[in-house]
Amino acid sequence: MLNKLLRNNGFLLLILISIICLYVYRDFITLSKLYVYLDWGWDTYGNYWAWYAYLIDWAKAGFPMWNFKGGIGSSIFSVSNYIFDPFNLFYIFLSKKILAYMFPFVFIAKIILSALFFYYYLNIMGFQRKTSLIVSLFYAFNGYMILWGQHYQFVNIVLYAPLLLYALEALIQRSRWIMFTIIIALTAIYSYYFFYMISIYLLLYAIARYILINGFNYKKLSSFLLRFGASYTLGVGLSAIILFPSAYSALTSPRVGYNINFSLKPASLVEYISILGRLFSNDTLGTNYQFVGYSNYYESPQLYCGLLTLLLIPQLFKAFGRREKIIYGGLGGILFAAILIPYGSVIFNAFSALTYRWSFVLILFELIMLASAVDFILKDNKFVHQKILRYSLVILCKILLIIFIMRLIFRIINEKLVINSLEILQGLMYSTAKIFIVIMIFLYSYYFITSLYSKNKLSKRLYVGSVIFIACLELAIFSNITVNKRELVSPNYITNRQGYFDYTSEAVSYLQKEDNSFYRLEKSFISATPNEPLFQNYYGTTVYSSLNNPSYVDFVRTIGASTGKADRVVDGFKDRISIQTLLGVKYYLSKEQDDKPFGYSFMAKFGDLFLFRNNMYLPLGYTYNSYITEEEFSKLSVEEKDRTLLKYFILKNENMLPEKYKQLNKYNSQLEKSTTLPASNVSLEYSKLTFGSNMKVIEQGQSVIKFTATDSDPMIFIPLKEKISDSKIKISFEISSLVPTTGQIFYAIAPNDFKEYKSKKFSIHQGTSKYEVDLGLISLDQLRVDIGEIPGEYVLKNIQVTYSPSTEYVSDVENLRKDSLNVDYFSDDYITGQIKVSENKLLALSIPYDKGWRIFVDGIEEKIIPVNAGLSGVYLPKGDHAIKLQYTQPGLLQGVVVTVISLLIFLTFYFRKYLLLKKRK
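Residues numbered from 1 in each chain as written. Predicted model: local features only at pLDDT ≥ 70, side-chain atom pairs only at ≥ 80, totals over all residues. Heavy atoms only, no water.

### What to know about the sheet that holds strand β23 (residues 830–837)
The pairing of strands in a sheet happens through backbone hydrogen bonds and is either parallel or antiparallel. Pairing in this open sheet of five strands is antiparallel, and the strands run β22-β23-β29-β25-β26 from one edge to the other. Strands at the two margins of the open sheet, each flanked by one partner only, are β22 (822–827) and β26 (860–862). Here the average twist between neighbouring strands, direction ignored, is 25°. Where strand β25 (residues 853–857) lies against strand β29 (residues 879–887), five bridges are found, and the strand directions are antiparallel. Note that in β29 the partner of Trp853 across the bridge is Tyr887. (Pairing = 2+ DSSP bridges. Helix = DSSP H or I, 4+ residues; strand = E, 2+ residues; numbered from the N terminus. Axes fitted to C-alpha atoms, helices over the stretch in contact; angles between N-to-C directions.)

This is the structure we're talking about:
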């Protein structure tokens, strides 16, 4: 029985892959490491782990379509690649503490399944079983799978691709359309992004394979393409229930754009070296932060699929007939032209950016060519052309030498290394040469056994066994480097009450028991990443997502906050108390008992965390009777914007104001200035100024301090003549600096009680400039000004400290609170409540504007309008009103209709075919 199993190539493939995985993923399998990266693979820690944890809570909540934990809210279809990955069904039944331990096991399952699918795909193409075994091994551990696969959900395309190709072969060879249609639907559901990429390849492949098998006949080819198109379209139709709403979320994202100019210019030298280097291994140009190729370790082209591929593909120049050379040459030419000319990558990325994430299709093509070469050789060893084999090895060695030299040059340039001795050069060459030596050993090994086999000095069985043995060693060694020579999260992370597992969860559990209203939680610190609300199960304001809600991005931009990494990151508003209040932040967590914003009072302590309650908290909905246009709002400073949003809602333009709401008060800058409480100046104790030890004072006067910083962080201590309590404080001054650098203002109540969280950083420009730093609503007795992180000469002039009392802030919040929404029932996508308004007003909701939200006032649907530069609002007449809010993802209804129609068509043709077959029998 065992001998029979071992002779089964599919079973042998499974055994070999399992052995390699046991070696490569040994530390993850034994739970001594977590398969979560902190280096260039940081997304596994900062993004995916948190979203997978969210899936657990999402399932418990009944699968709502809106998610209030990603920023201040977004559609769950914006992360459809997480939601509709079938492997994630396993995660939703786990606890968050064991979630990360399961990542490697799911990934290994994907490796095994992708190899088996590729094996059966090669079989249907007519390749020998031993050929399929060898080539499928390379597919299992190709560079894209092992490196890009660390983006857990993205790797699924490597699993779906051979299924699609298998189904397409069945369509071409046997006119079987059912499986092709179903796999098309499943791929489109999984990821519209990768579905688009693979669709381009499928069309090119379908044409090439049909002509190769059936010859070129225009009518027959057209007929086949109609069948192909109909089956493909039907598959897309079946997926529409998921594809349409997911595509809508992507197309409305601020990250997606069409501003790439058409260009046929060649790529840069670094890109070409990266393309060549990544053919040999993921790590030819360095691992992780030592990578010196194009972009970074992950985004550079990933083309490695075995060194045997590079050595044997040239044999096809002699083995292929004229038709194969034309067709495969044409297909390969198109694909490699796409990677050699950058605009090809733009096309494969749907014209939104230049990336090489589509390079998996090149691996598919490379391995088909390898399978063809291996099959020819195994059928007859005389197919091996010794001269081509020898030239191939020589050329590959020369290319490796060029890459080795370029890697040394790139490293010297990137790291600004100074080679001033032979010893340094030798050390650099040795550390760089290790991977090249290993590559050369494997290339020579393949060359040696292939040469012996071609000369009848090695039997076919021994040759196949030798190839498999060398391939297993190669794949194990190279995969081990990519997977393990990295910075990983320690398993102690979960048990040591840090990051995602700090005491925030205890505070959240406490609040969930004590407060059943809607509220948001802000922190003075980041436990782990901006996505921690997803993991720790609370409504916050921070988020890190590839497809952030566009309205939230607009809001953050408009109020003058930052959206880092191309609008993917929002770090919250811990220094913007007005914005916290407007967004319904009711609670605040800090690691210091006195680190709390104005208006917050202490509630409880959890471990090393202190919980505070915002006494100025605003509910989910509050009302305005005054407005300001976006144009007027854009002219205000950040401080003025915060103050204005507590009095006026932002309207895109006055044309959006209905006739019966024309009486709402319009913003008047002159009137606003006259009614704003004037700021008071604070006298400084210039005679009591003191200085840090890392500076030398050159000149000190009543309004000027000239000094030389002898080290970084020079400190100037400025006492005030009077203490200021609970006031809006601003400090202004003039700085002259010879270089651009950074400054920092510290404030304290107790003498010299300066702490990092009681400070504000600002950028210092080269030359002389005026600066104004808003410290917010604080209490203050002493200032410390740290000017310049770079040693040199600086001049500080005309320091002024002004303050205005907090009464205006308190009064504005109370006015917004007067007529606010009382929520009766809240879930992520369905909300009901009551409100009483004393006059015609606008109800503003701290929910990002999204066309999927619908509002019903007293049972009648009203129009939601975008207000406050990205939030939602609705006009309300005077009186009592019942409010209902409901979210349905845009595109979902259309998707349901198209899916139902497609399903009916599919079933009709399926049963028609079934009845015809039954009748024939």
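Having seen it, we continue.
### Considerations on the packing of aromatic side chains
All chains considered together, the criterion is met by 96 aromatic pairs. Measuring from centroid to centroid gives 5.1 Å for Tyr119 and Tyr120, while their planes differ by 80°, and the two rings are edge-to-face. With a relative accessible area of 43%, Tyr120 lands in the partly exposed category. Seen from their ring centres, Phe195 and Tyr232 are 5.6 Å apart, and the 10° between their planes marks the pair as stacked. A residue pair is termed long-range when its members are at least 10 positions apart, and Phe195 in helix α11 (residues 192–214) and Tyr232 in helix α12 (residues 218–251) qualify at 37 residues. (Phe/Tyr/Trp six-rings, centres within 6.5 Å; stacked < 30°, edge-to-face > 60°. Buried < 20%, exposed > 50% of the residue type's maximum accessible area, 1.4 Å probe, protein only.)

### Things to note about unusual backbone geometry
Within the chain, Ala350 stands out as a residue other than glycine whose phi angle is a positive 60°. Examined against the element boundaries, Ala350 turns out to sit in the loop between α17 (343–348) and α18 (360–379). If you check the backbone angles, Asn798 has positive phi at about 50° while not being a glycine. Within the secondary structure, Asn798 sits in strand β21 (residues 792–805).

### What to know about the nonpolar core
Among the nonpolar cores identified, the biggest contains 219 residues, and Ile17, Tyr25, Trp49, Phe103, Ile111, Ile198 and Phe280 are the most heavily contacted of them. Those residues in contact with Ile17, other than ones at most four positions away along the chain, are Ile111, Ile112, Ala115, Leu137, Ala140 and Phe141. (Core = buried A, V, L, I, M, F, W, Y, C linked by side-chain atoms within 4.5 Å. Contact = heavy atoms within 4.5 Å.)

### Points about the packing of helix α7 (residues 129–140) against α18
Here α7 crosses α18 at 150°, and the two axes come no closer than 9 Å. By the criterion of interaxial angle, the relationship of α7 to α18 is roughly antiparallel. Crossing handedness for the pair α7 and α18: right-handed. Packed against α7, whose contacting residues are Lys130, Thr131, Ile134, Val135, Phe138 and Tyr139, the element α18 presents Leu364, Leu367, Leu370, Ala371, Val374, Asp375 and Leu378 at the interface. For the contact of α7 with α18, a count of residues per class yields 10 nonpolar, one polar and two charged. (Parallel < 35°, antiparallel > 145°, perpendicular 65-115°, else oblique. Left-handed = near helix turned anticlockwise from the far one by under 90°. Nonpolar A, V, L, I, M, F, W, Y, C, P; charged D, E, K, R; others polar.)

### Points about a positive patch on the surface
A contiguous patch of positive charge, built from Lys318, Lys325, Lys387, Arg390, Lys455 and Lys457, is present on the exposed surface. As for its position among the elements, Lys457 is in the loop between α20 (422–454) and α21 (460–484). (Patch = residues over 30% accessible without salt bridge, like charges linked within 9 Å, V, L, I, M, F, W, Y side chains within 5 Å. Areas by Shrake-Rupley, 256 points an atom, 1.4 Å probe, with all protein chains shown as cover. Salt bridge = Lys/Arg side-chain N within 4 Å of Asp/Glu carboxyl O. Lys, Arg positive; Asp, Glu negative; His and termini not counted. Charge placed at Lys NZ, Arg CZ, Asp CG, Glu CD.)

### Topic: the environment of Leu511
Summarising the element assignment, Leu511 is placed in helix α23 (residues 504–514). A C-alpha to C-alpha distance of 9.8 Å links Leu511 and Leu611, two positions 100 residues apart in sequence. Non-local contacts of Leu511, meaning those with residues more than four positions away in its chain, are made with Tyr519, Tyr587, Met603 and Leu611.

### Topic: the side chain of Lys586
Structurally, Lys586 is set in strand β6 (residues 585–590). A distance of 3.5 Å separates a polar atom in the side chain of Lys586 from a polar atom in the side chain of Ser517. (Polar contact = N/O pair within 3.5 Å; in protein donor to acceptor, adjacent residues only side chain to side chain.)

### Side note on the packing of α12 against helix α32 (residues 892–920)
In the contact formed by α12 and α32, the axes pass within 7 Å of each other and the chain directions differ by 160°. Relative to α32, α12 is oriented roughly antiparallel. For the pair α12 and α32, the sense of crossing is left-handed. Residues Leu234, Gly237, Leu238, Ser239, Ala240, Ile241, Phe244 and Pro245 of α12 pack against Leu892, Gln894, Gly895, Val896, Val898, Thr899, Ser902, Leu903, Ile905 and Phe906 of α32. In the contact of α12 with α32, the residues fall into 12 nonpolar, six polar and no charged.

### As for the sheet that holds strand β28 (residues 871–876)
Strand order in this open sheet of four strands is β9-β24-β28-β27, and the pairing throughout is antiparallel. The outermost strands of the open sheet, each flanked by one partner alone, are β9 (621–624) and β27 (865–867). The average undirected angle you get between the axes of adjacent strands in this sheet is 40°. Of the pairings in the sheet, the one linking strand β24 (residues 841–848) to β28 comprises six bridges and is antiparallel in character. Pairing of Leu842 across the sheet is with Tyr875, part of β28.

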